[in-house]
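# Overview (structure and organization)
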Amino acid sequence: MTARWDELADGVFARRYPEWDLTVGLVVGDGACLVVDTRANAAEGAELAGAVREVTPHPWTVVLTHDHFDHSFGVSAFLPCEVWAHENCHRELAARGNPELALPDRLLTDRAELDIGGRRVELVHLGPAHSDNDVVVHVPDASVVFAGDLVEVAPPGSFSAESFGTDTTLSGWPGALDDLLALGAEVLIPGHGAPVDRKFVVAQKDILHRLITLDSAVRADEIDVAAAIAASPVAEDVTRAALRLG
């Protein structure tokens, strides 16, 4: 895969990288732009900053969809600028104690609204799900949402084992997807993979509901681990990660 910008709507771009099939975003307004996620380190962030300059010379604002390294460790390449994130993202990044790791300086609890060169962009936290600090980036005039890792494309299914970490709240994820769909966007850009439609997100929500049911059954000793894996809608390694089976 060769990284390139794909224009999904007027002035709204996605860029995919071979590393982890990461997808970042760019929203261009009149005299300003917004960069969605910054890649995994300063060098990768610098590459992304250069790629943004291939599209626009406008000054940028940065937003982080969550604290995981592949999305948030490249911030330093964009400074000085405003860096938006959920307050818990700041907490998690600060806790790493890395003096070279740039921290967000504009924090939200539930939502914030930005003016990006005359374009309204909504930053929305939909509750604990993939992490406790997921933020989606809604561009209403383009009917596009950058969903971060609330939505993932991991062939052959919708998730990989890496989708479910110790900071994941499985029970909260389907509701977060309901609220994501309620924003009304037709194009949803995942944190990893190609853009998807609303039907894909509905199917992903169904998978999560089935995993939650299996998790409850395992915790109640109604089924054993082998039965849960056999009944799961996803691969064994993904099931073990989602249900924290080890």
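Look above for the structure.
Overview of the structure.

### Here's the deal with the overall build of the protein chain
- Of the regular secondary structure elements, the protein chain holds seven helices and twelve strands.
- What you see for the protein chain is a C-alpha radius of gyration of 18 Å, in line with the 18 Å of a compact globule of 246 residues.
- Its C-alpha atoms give the protein chain principal-axis dimensions of roughly 60 × 40 × 35 Å.
- Counting the 246 residues in the protein chain, one finds 55% classified as buried.
- Across the protein chain, every contact between residues at least 6 apart in sequence was considered, and the portion connecting residues at least 24 apart equals 56%.
- If you average the places of the 18 positive and of the 39 negative side-chain charges in the protein chain, the two averages end up 2 Å apart.

### Remarks on the packing of aromatic side chains
- Evaluated as defined, the whole model comprises seven aromatic pairs.
- Taking 4.9 Å as the distance between ring centres and 70° as the angle between the ring planes, the aromatic pair formed by Trp60 and Phe78 counts as edge-to-face. Of this pair, Trp60 sits in strand S5 (residues 60-63) while Phe78 sits in the loop between helix H2 (69-72) and strand S6 (83-86), and the two are 18 residues apart along the sequence.
- Phe78 sits in the buried class, given a relative accessible area of 1%.
- Their ring planes at 55° and their centres at 5.4 Å tell us that Phe164 and Trp173 sit as a pair that is tilted.
- Here Trp173 falls in the buried class, since its relative accessible area comes to 0%.
- Put simply, the rings of Trp20, Phe69 and Phe73 touch in pairs and so form one group of aromatic residues.
- The ring of Tyr17 has Arg39 lying over it, and the distance from NZ or CZ to the ring centre is 3.6 Å.

### What about the side chain of His71?
- Within the secondary structure, His71 is located in helix H2.
- The exposure class assigned to His71 is buried, which follows from its relative accessible area of 0%.
- At a separation of 3.1 Å, a polar atom in the side chain of His71 contacts the side chain of Asp149.
- In contact with His71, other than residues within four places in its own chain, are Leu22, Asp37, Thr38, Arg39, Leu64, Thr65, His66, Asp149, Gly191 and His192.

Thresholds, definitions, all that
- Residues numbered from 1 in each chain as written.
- Predicted model: local features only at pLDDT ≥ 70, side-chain atom pairs only at ≥ 80, totals over all residues.
- Heavy atoms only, no water.
- Helix = DSSP H or I, 4+ residues; strand = E, 2+ residues; numbered from the N terminus.
- Rg over C-alpha atoms; globule rule 2.2 N^0.38 Å.
- Buried < 20%, exposed > 50% of the residue type's maximum accessible area, 1.4 Å probe, protein only.
- Contact = heavy atoms within 4.5 Å.
- Lys, Arg positive; Asp, Glu negative; His and termini not counted.
- Charge placed at Lys NZ, Arg CZ, Asp CG, Glu CD.
- Phe/Tyr/Trp six-rings, centres within 6.5 Å; stacked < 30°, edge-to-face > 60°.
- Lys NZ or Arg CZ within 6 Å of the ring centre and 35° of its normal.
- Polar contact = N/O pair within 3.5 Å; in protein donor to acceptor, adjacent residues only side chain to side chain.

Don't take any of this as a statement about function, it's just geometry.
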